[in-house]
Amino acid sequence: MEKKLQIELPLLLPHIEDERDQCVQRLIERLEIKRGVEQVHIDRKDGEAVLCLHYDPNLTTIEQLRRLAKQAGVEISRQFNHETLHITGMDCADCALSIEHILQRKPGVIAVTVNYAAEKMRIEYDTRKISQRQIRAFVRELGYGIEEERQESWLKRNIELVLSLLSGLFLGLGFAGEKIGFLPHQASILLYVLAYLTGGYEATRHGVRAALKLRFDIDFLMVVAAVGAAILGEWAEGALLLFLFSLGHSLEHFAMDRARNAIRALAQIAPRTARVQRDGQEIEVPVEELQRGDVVIVRPGERIPIDGKIIEGHSSIDESPITGESVPVDKGEGADVFAGTINGESALKVEVTRLARDTTLARVIQMVEEAQTQKSPTQLFTEKFERVFVPIVLGGVVIMIFFPPLVGWLDWGSAFLRAMTILVAASPCALAIATPSAILSGIARAAHTGVLIKGGVHLENLGALHAIAFDKTGTITIGRPEVVKVIPLNQTDRQELMRIAAAVESRSQHPLARAILRKAQAMNLSFPEAEAVQIVSGRGLIGKIDGQTVEIGNQRLFEESGQSLPEDLARQNQELQSNGYTTMLVRRNGTFVGIIALADQPRPDAAPTLKTLRKLGIQQLIMLTGDNLQVAMAIARRVGITEFQAGLLPQDKVTAIRNLIQKYHKVAMVGDGVNDAPALANATVGIAMGASGSDVALETADIALMADDLSKLPFAVALSRQTRRIIQQNLAVSLGVIFFLIIATLFGYASIGVAILFHEGSTLVVVANALRLLNFKLKGD
C-alpha cells in the first residue's frame, strides 16, 4: 500500500533567518522537482530552521533528499537516518513481508521495505526513538542475520541446501525401510522425525518467531501442515512436504544469487588500494584514505582507483564499467577519469577530485542498492492481492476441516489432510517472487550496460509507455553549431571566404565564432590578424583585414545600416534559413563575398535510434526546443521526429510535458538532467543522458544513461518491455498453478506431495524465467 509521510528535518545552518535564504531557496527548488516529494517548505521550531517534507518513501528516501540538500549547500541533521542492510536467512518472499510488518510497528520506524530477491532492507527511522543497534537486534530476534561483509564459508551460505538434502536422505531411507520392510516401524518413524527436523528447521525457526509477533507467514503454515500430517500418521507425506519446501527454497535462493551477484560485482570493479605520490615517494594506500589533491599513479592496464583529473600523460581509457561503451576513449591532460575504468597503454598521473565515497561508481552502487528496495506497481498490486487472498484461503481451510465431516462427506482425518493440502496449494510463494525477481534481474542487466534504473516503478513505466519526448539541444543534436555549408560569391573561393571570416571571428568567444574557427582549422587555413574589431551585439562583427573593412553577421547587421540585401542573396539566405540553418553573411569593402551556413547537427545515431524506437512500439516521438520553428522543422524532418514544439522556454517545457501526459497518458522525457530537470521530473519517466559526469543528473533522473550516447535508449526501452512481459508470464504461471491445485485438491486429485511439488516447481519456474533478463540483448546488437 502506498503511504505518504510527513517529517521535519532540522537544517544545520544556524545563520538561516527565513526561507528566503539563497541556500534554502536553492534546496527547495531542487526538492520540489524530485519525484516522490509532494510538498516542501521551511518552518522555524525552537529557534532552528526545520525542513518540512511530505514524500512517498517508495519513490524517494531520506538519504536521497540529504544528498540533494548537500548539493544545494545545506546540511540536514542525522536525527532521521537511512540505512540499507543486507539481510540473510530469508527463505521466501513472505519472510520479507514479515520483517516489514513487524518492524513497521516499532516506535521511531518511519518506513521499511524489504526485498527478498535482493536480500536488502531499507529502513528510515528517528534516532531519538530507536537506535541502529535496536533495529539490528529486532531483525536477529526474528531469526535473520545482518551481513556486513560477504565473506561466508560455503557451509554457512548453503546451510539450507545441506539440511534439505539430509532431509531427503532421511525421508528416502525411512520410506524405503517402511515399504520394503528392512527396517522396523520405529526406525522408519525415527528417520521421518529426522527428516522433519532437518527439512523444517529453517521454516520453524522463522515461522514460530513471526507467529509470536502475531504474523502468520508461509513458513509457519507449512510447519502446521506437516505437523498435522504427522498427527494423522501420515509421516511420509509431512516429511515430503518439508523436504520439497526446503529444497525448493534453497534452489530458488541459489538461482537468485545469479542476479544478486551481478549487482554485487559492481562493487568489485574499483581497486581497494591506490598508488599515490606523497613526500616525493610512491606509496600504496587504501582508497578510503585518499584526499582531494593527492596525485595517484596509474600504470598501463590498471583500473583507475578514484575519480580525478589527468595532470600528466595521455592514454586510451576503457570506460565500459561505467558507461557500457566498449570503445576506449582517448584522454589527456585536463580530462576527467572515473574510478573502476581501465587505463590503456600509457602511465597516468591523476589528481584526486572526489573522495572514495563520492565517486561516480560509488554513487551508482548506492543508487542501485536503493533501487532494489523500491516496489514496482505490480509488486504493490500483488501484495494487496495477497492481503485479501490469504485470509480467504485460511477461512476456506477452516471450513474444509469442519464442514465435510459434519455433513458426512469425509471423515475427520481425510478432511484435515485435504485442508492442509489446500493450504499448501494456495500458498502464494511463486506470486510473491514473480515480480521482484524480474525487477532485480532487469536492474542488474541495465547497470552492467551503462544504464542506471533507479527503481522497479521506472522500469515498468518505461516498458508500458508509447510516447517519448526529447530535448533538442545536446540530445537529438550534438549540442554545438558546426559549419555545414560554405557558399562563396563574386569570384571568391571557399578558402578565401573562410580565411577572412576566421580572422574576424578569432576575436569572439561566441559559439558560432568557435564553429567557424574549427572549420578553418579543419581546412588547414592560416589567416591574418584582424584589426579594430567591433562586436555588434546580436548582429555580428566588423573589423579590418589588410586595410579592408570586413563585416560578418546575420541579415540584421546589414539591413539596420540602411542597406538592403541584393535580391538573389536575400532569396538564397531565406532558403537556407527555411531549411533550418543559421546564416552568416560576409561582406568585404561593400561587396558580399559569401554565405556561411551553420547548424547544430543531429547526432549521427539520432535517426537510427528513433527508427529502432518506432520498431519497439514507441509511436510518438516528440521534440521540445527553444529554437525557432524553421530549425525545429528541419531537425525533425532529418531524424524522423513525429511531432515537435518550438520556441519553448524552460517553464514551457514543463507545461508541454503535462499536456503530452494528458494526451498520451504516459510520456518519458529525455534530456541532460540539468537544464531540463523540471521537465524530466514532470514526465512519467525522466531519462538523463551523459550522467556519469553530472551529480545533478544522477540525482534528478529516474533512469540515467551513463554515456552521452542516445543509442543506449532503445536497449533500455526493450529491456523494460521484456521485463514487463516476463512479469506477466510469471503472474500467469503462479496464479494458474494456484487455482489448478486448489480445484484438483478439492476434488481429491492432488495429494499433499503433489501440491508441494507443483508449488515449489512453479516458484523455480518463475525465478528461472526472470533470470533470462541477465542475458538480455537488443535484437541486432
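For every chain, the first residue of the written sequence is number 1, and numbering continues from 1 along that sequence. For this predicted model, a pLDDT threshold of at least 70 governs which residues receive local features, and a threshold of 80 or more governs which side-chain atom pairs are given and counted, while totals over whole chains, interfaces and linings are taken from all residues. Only hydrogens and water are set aside; all other atoms, that is, all heavy atoms of the structure, feed into the side-chain values.

## A word on the nonpolar core
For our purposes a nonpolar core is just a set of buried Ala, Val, Leu, Ile, Met, Phe, Trp, Tyr and Cys residues, chained together by side-chain atoms within 4.5 Å. The buried label applies to any residue whose accessible area, calculated with a 1.4 Å probe on protein chains only, is under 20% of its type's maximum; exposed applies above 50%, and partly exposed to all values in between. If you look at the biggest cluster of nonpolar residues, it comprises 146 residues, and the most contacted ones within it are Met121, Ile468, Phe470 and Leu713. Throughout, a contact is declared for two residues whenever any of their heavy atoms are within 4.5 Å. When residues no more than four places from it in sequence are discounted, the contact partners of Met121 are Glu83, Thr84, Leu85, Ile87, Ile99, Leu103, Val112, Thr113, Val114, Ile135, Val139 and Thr373. If you look at the next biggest cluster of nonpolar residues, it comprises 25 residues, including Ile500, Ala501, Leu525 and Ile596.

## Section: the pairing of strand 25 (residues 620-624)
Secondary structure elements follow DSSP: runs of H or I of four or more residues count as helices, runs of E of two or more count as strands, with numbering from the N terminus. Counting buried positions along strand 25 yields four of five residues, so the element is predominantly enclosed. Two strands form a pair only when DSSP identifies at least two bridges running between them. Sheet topology note: the strand 18 (residues 467-471)/strand 25 ladder contains five bridges and is parallel. Bridge assignment links Ala467 to a residue of strand 25, and that residue is Gln620. Crossover handedness for the path strand 25 to helix 23 (residues 629-639) to strand 26 (residues 643-645): right-handed. Here the term right-handed applies to a crossover when the path leading from its first strand over the helix to its second strand runs clockwise, the strands being oriented away from the viewer.

## Points about the packing of helix 15 (residues 429-447) against helix 16 (residues 456-464)
Running from N to C, helix 15 and helix 16 cross one another at 85 degrees; their axes reach a closest spacing of 10 Å. By the angle class used here, helix 15 and helix 16 are roughly perpendicular. On the side of helix 15, the interface is formed by Thr435, Ile439, Gly442 and Ile443, while helix 16 contributes Gly456, Leu459 and Glu460. Each residue gets one of three labels, nonpolar for Ala, Val, Leu, Ile, Met, Phe, Trp, Tyr, Cys and Pro, charged for Asp, Glu, Lys and Arg, and polar for the others, Gly among them. The residue inventory of the contact of helix 15 with helix 16, partitioned by class, reads three nonpolar, three polar and one charged. Fitted lines through C-alpha atoms serve as axes, helices being fitted only where they are in contact, and the angles separating the N-to-C directions of these axes extend from 0 to 180 degrees. Note on terminology: angles under 35 degrees are roughly parallel, angles over 145 are roughly antiparallel, angles of 65 to 115 are roughly perpendicular, and the others are oblique.

## Some points on the packing of aromatic side chains
Two aromatic rings, drawn from Phe, Tyr or Trp (for Trp, its six-membered ring), form a pair once their centres lie within 6.5 Å of each other, and the interplanar angle then sorts them: stacked below 30 degrees, edge-to-face above 60, tilted otherwise. Summed over the entire model, instances satisfying the criterion amount to eight aromatic pairs. With a centroid separation of 6.1 Å and an interplanar angle of 75 degrees, the aromatic rings of Phe402 and Trp412 are classed as edge-to-face. Placement of Phe402 in helix 13 (residues 377-407) and of Trp412 in helix 14 (residues 412-425) is noted, with a sequence separation of ten residues between them. The class for Phe402 is partly exposed, based on a relative accessible area of 44%. Judged by relative accessible area, Trp412 falls into the partly exposed class, the value being 48%. Summarising the aromatic geometry, the rings of Phe715 and Phe776 are spaced 5.8 Å apart at their centres and angled 50 degrees between planes, so their arrangement reads as tilted. Of this pair, Phe715 sits in helix 27 (residues 712-746) while Phe776 sits in the segment after helix 28 (752-771), and the two are 61 residues apart along the sequence. As far as the burial class goes, Phe715 and Phe776 line up, both buried. Clustering of aromatic rings is evident, with ring pairs tying together Phe385, Phe389 and Phe739. Distance and angle both matter: a charge sits over a ring if NZ of Lys or CZ of Arg is within 6 Å of the ring centre and within 35 degrees of the ring normal. Lying over the aromatic face of Phe138, Lys106 brings its terminal NZ or CZ to 4.1 Å of the ring centre. We note Arg260 situated over the ring of Tyr116; from NZ or CZ to the ring centre the distance is 5.7 Å.

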